[in-house]
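Notes for the structure review
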Amino acid sequence: MRLESHLLDEAKASILAVDDTPAILQLLELTLGIDYEIVPVESGQAALDAFRQRQFDLVMLDLMMPDMDGFETLKRLKELPSFEGTPVIFLTAMDDLTNECSALELGADDYITKPFKPNLVRLRIANILHRVRLQRLLSLALAGADQGLWSWNLDGGVRIASAWSQPLTVDGQVKALEFKDWREVCHPDDVPAVSEASRDYLSGLKPAFEIDVRLRRLGGTWTWFNIHGKFSGAEMIIGTYRNVEARKQAELKLRESEERLRHVMDATGEGIWDWAVQEPIVRHNAAWCRLFGLGEETANHPVAEVLAMINPDDRPEVERLLHECLVNDQQFFAEYRVRHVDGWDVWVQARGKVVERAADGSPLRMVGALQDISEKKRIEEEYRRLALFDTLTGLPNRRLLIDRLVQAIEQNRRNATLGALMFIDMDRFKTLNDTLGHDHGDMLLIEVARRLSGAVRKMDTAARLGGDEFVIMLPQLSADAAMAMKDAMTVANKVLRNLGVSYQLGRHEYDSTPSIGLSLFSGAHGETVDGILRRADAAMYEAKRTGRNRICVDQAFAPANA
Ligand SMILES: Nc1nc2c(ncn2[C@@H]2O[C@H](COP(=O)(O)OP(=O)(O)OP(=O)(O)O)[C@@H](O)[C@H]2O)c(=O)[nH]1
């Protein structure tokens, strides 16, 4: 890229013209005054005074002057801070090599002899000012970008520009640094990284030489710099360097706080997930991986795989909740089962939130945590079982039976169908307890439960009310009472038959029978749970009263021919 001087302010350049011959000064004003602001002074001392007042873009200096010659004037001008970088052209009648060499050695930019050709002088001035402007443009650009310059001659050493405002130091030197080896300013811990970065660039692996390193600054402190460079010619790399201490410190703090957070998370055992929503990958911490038996080294997982780990019964709801969260910015909260690699389900409670969105509101990043709640779920399940199931036989208890009966009544009301309820009480059960003992009584009850469960369909309910009292509920039969009764009697007869088969109780074989009261029910006529149970119970007592080991039918729904 060519640097363009027109990027800079093109205000009329000022020239300090120093000559003890007024005619020369007049000639300069005449020939250059249209393009430049000419400030004429007639002595070296006047030139120094003028420079103490203000700056000039260029100095035209006569060599032979009384009191203070051009060389002396230039030497003294260079001591003024305001003079730094100002180009100087000697304009002299001394047309000899020695003086010309001395002038250029002293830092003059040009040496023109009198009598001069005004056009030539104008072009030379223009060229020098153009170059100076470019230099100033580069310095301003570097200062604006807070950068310094360096060059590295692969055969020789390293040079670092002196003009930059953030001086480095080698062995106490602050000015334009020049040294053989990076190691002289580079923190020992960063030297391998510098070698690697240069190797990568020189071998073509990287498009530029770039690295963050700590360099020794004035006062001996280490400061982080970003160094960036490229080849300029075959043997020279040129680049910039920039103080990135603040960024490095911020990164360090962030890393520390992330590390701390990770420790906290690991200590609580929470599985953390972090999902860049536009990407098909979700990141997990070690605790998350451990929870499902995954190797900790595979902390990135495809989203599809993670979703596939969710129990198929729970997955649609989880996906729905996730969608809600992504679209409506709701908090994600869900309890679901995730398959462990060894095949069992882990109950988890997950929470999450979209923490970053694009300007159009679309989600960019979502993070969350999940916790193993398998134990909580197990206890809940145990409580549920205790509350709804009989502990001895595992059959539904009275409470669950009533729940299901309420549902069945409602269902039959809607469909105008009938259901059936059988009240079953074992005959002379007390005798068993009294003769073989309570344990054997329990054994019989467990076996009765098993046989009852085997006698009904999945949709039916076999429940234990307590003692030797059981109930079978057939929730939905025909709408026709005769048909319904026929089906119910089929089941009742099967139960009567099955429970009448002798029982192997430990070493004892024991004969027992049930008494069964059967009642149909519908949802009509304000049927209640109590009413249905009472009618079936009454029918069962009728069976007891009339000899046991039989079925008696409640007459409320009994068709004439039942
Ligand atoms: N082994 C055992 N016995 C129980 C349990 N709960 C109640 N019982 C006993 O079950 C018996 C219930 O007897 P009942 O149904 O009243 O009388 P029964 O001897 O069966 O006589 P009928 O019903 O008239 O044929 C009582 O002896 C109760 O103590 C239990 O969980 N296990």
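Quantities reported herein were computed from a predicted structural model and do not represent experimental measurements.

**A word on the pairing of strand S11 (residues 236–243)**
- By the bridge criterion, 7 bridges tie strand S6 (residues 147–153) to S11 in an arrangement that is antiparallel. Each bridged residue has a counterpart across the sheet, and for Trp152 the counterpart in S11 is Ile237.
- In the sheet, strand S10 (residues 222–231) pairs with S11 via 7 bridges, with the strands oriented antiparallel. The partner of His228 across the bridge, within S11, is Thr240.
- Between the antiparallel neighbours S10 and S11 lie 4 residues, among them Gly233 with a positive phi of about 85°.

**Focus: the packing of aromatic side chains**
- Scanning the entire structure with this criterion turns up 10 aromatic pairs.
- Taking 6.2 Å as the distance between ring centres and 80° as the angle between the ring planes, the aromatic pair formed by Trp273 and Phe332 counts as edge-to-face. Here Trp273 is found in strand S12 (residues 271–276), whereas its partner Phe332 is found in strand S15 (residues 332–339), with 59 residues between them in sequence.
- Taking relative accessible area as the criterion, Trp273 reaches 8% and is therefore assigned buried.
- Ring pairing ties together the aromatic residues Phe51, Phe56 and Phe83, which thus form one cluster.
- Directly above the ring of Trp224 sits Lys248, whose terminal nitrogen or CZ lies 4.5 Å from the centroid.

**A closer look at the nonpolar core**
- Counting 35 residues, the largest nonpolar core has Met422, Ile424, Leu444, Leu452, Ile472, Leu474 and Val495 as the members making the most contacts within it.
- Looking at this core, the elements with two or more residues in it are strand S18 (419–426), helix H13 (429–436), helix H14 (438–455), strand S20 (469–474), helix H15 (481–500), strand S21 (503–505) and strand S23 (514–521).
- It is H15 that provides the largest number of residues to this core, a total of 8 residues.
- Leaving out residues up to four positions away in the same chain, Leu444 has contacts with Met426, Phe429, Leu432, Tyr503, Leu505, Tyr510 and Ser512.
- Within the second largest apolar cluster, 27 residues are counted, among which are Cys289, Phe292, Ala334 and Val346.

**Thoughts on the side chain of Ser522**
- Here Ser522 lies in the loop between S23 and helix H16 (529–545).
- A polar contact is formed between the side chain of Ser522 and the backbone nitrogen of Ala524, at a distance of 3.1 Å.

**Looking at the confidence of the model for the protein**
- Per-residue confidence for the protein gives a mean pLDDT of 88, with 94% of residues at or over 70.
- Ranking the elements of the protein by mean pLDDT puts strand S8 (residues 177–179) last, at 70, and S20 first, at 98.
- Per-residue pLDDT stays below 50 along residues 1–5; that stretch engages in 8 contacts with residues further than four places along the chain or on separate chains.

**A short note on the side chain of Asn397**
- By the element assignment, Asn397 lies in the loop between helix H11 (374–388) and helix H12 (398–415).
- A distance of 3.1 Å separates a polar side-chain atom of Asn397 from the backbone nitrogen of Leu400.
- Excluding residues within four positions of it along the chain, Asn397 makes contact with Leu386, Ala387, Leu388, Phe389, Asp390, Ala463 and Arg464.

**Re H15**
- Spanning 20 residues, H15 covers 28 Å between terminal C-alpha atoms, matching the ideal 28 Å at 1.5 Å per step.
- Here H15 has its buried residues at Ala484, Met485, Ala488, Val491, Ala492, Val495, Leu496 and Leu499. The buried side chains of H15 occupy one side of the element, clustering within an arc of 145° when seen end-on. Seen from the open side of H15, the exposed residues pointing more than 90 degrees away from its buried face are Lys486, Thr490 and Arg497.
- Elements in contact with the buried residues of H15: S18, H14, S20, S21, S23 and strand S24 (551–553).

Conventions used here
- Residues numbered from 1 in each chain as written.
- Predicted model: local features only at pLDDT ≥ 70, side-chain atom pairs only at ≥ 80, totals over all residues.
- Heavy atoms only, no water.
- Pairing = 2+ DSSP bridges.
- Helix = DSSP H or I, 4+ residues; strand = E, 2+ residues; numbered from the N terminus.
- Phe/Tyr/Trp six-rings, centres within 6.5 Å; stacked < 30°, edge-to-face > 60°.
- Buried < 20%, exposed > 50% of the residue type's maximum accessible area, 1.4 Å probe, protein only.
- Lys NZ or Arg CZ within 6 Å of the ring centre and 35° of its normal.
- Core = buried A, V, L, I, M, F, W, Y, C linked by side-chain atoms within 4.5 Å.
- Contact = heavy atoms within 4.5 Å.
- Polar contact = N/O pair within 3.5 Å; in protein donor to acceptor, adjacent residues only side chain to side chain.
- pLDDT = per-residue confidence, 0-100.
- Expected span 1.5 Å × (residues − 1).
- Arc of directions from axis to C-beta.

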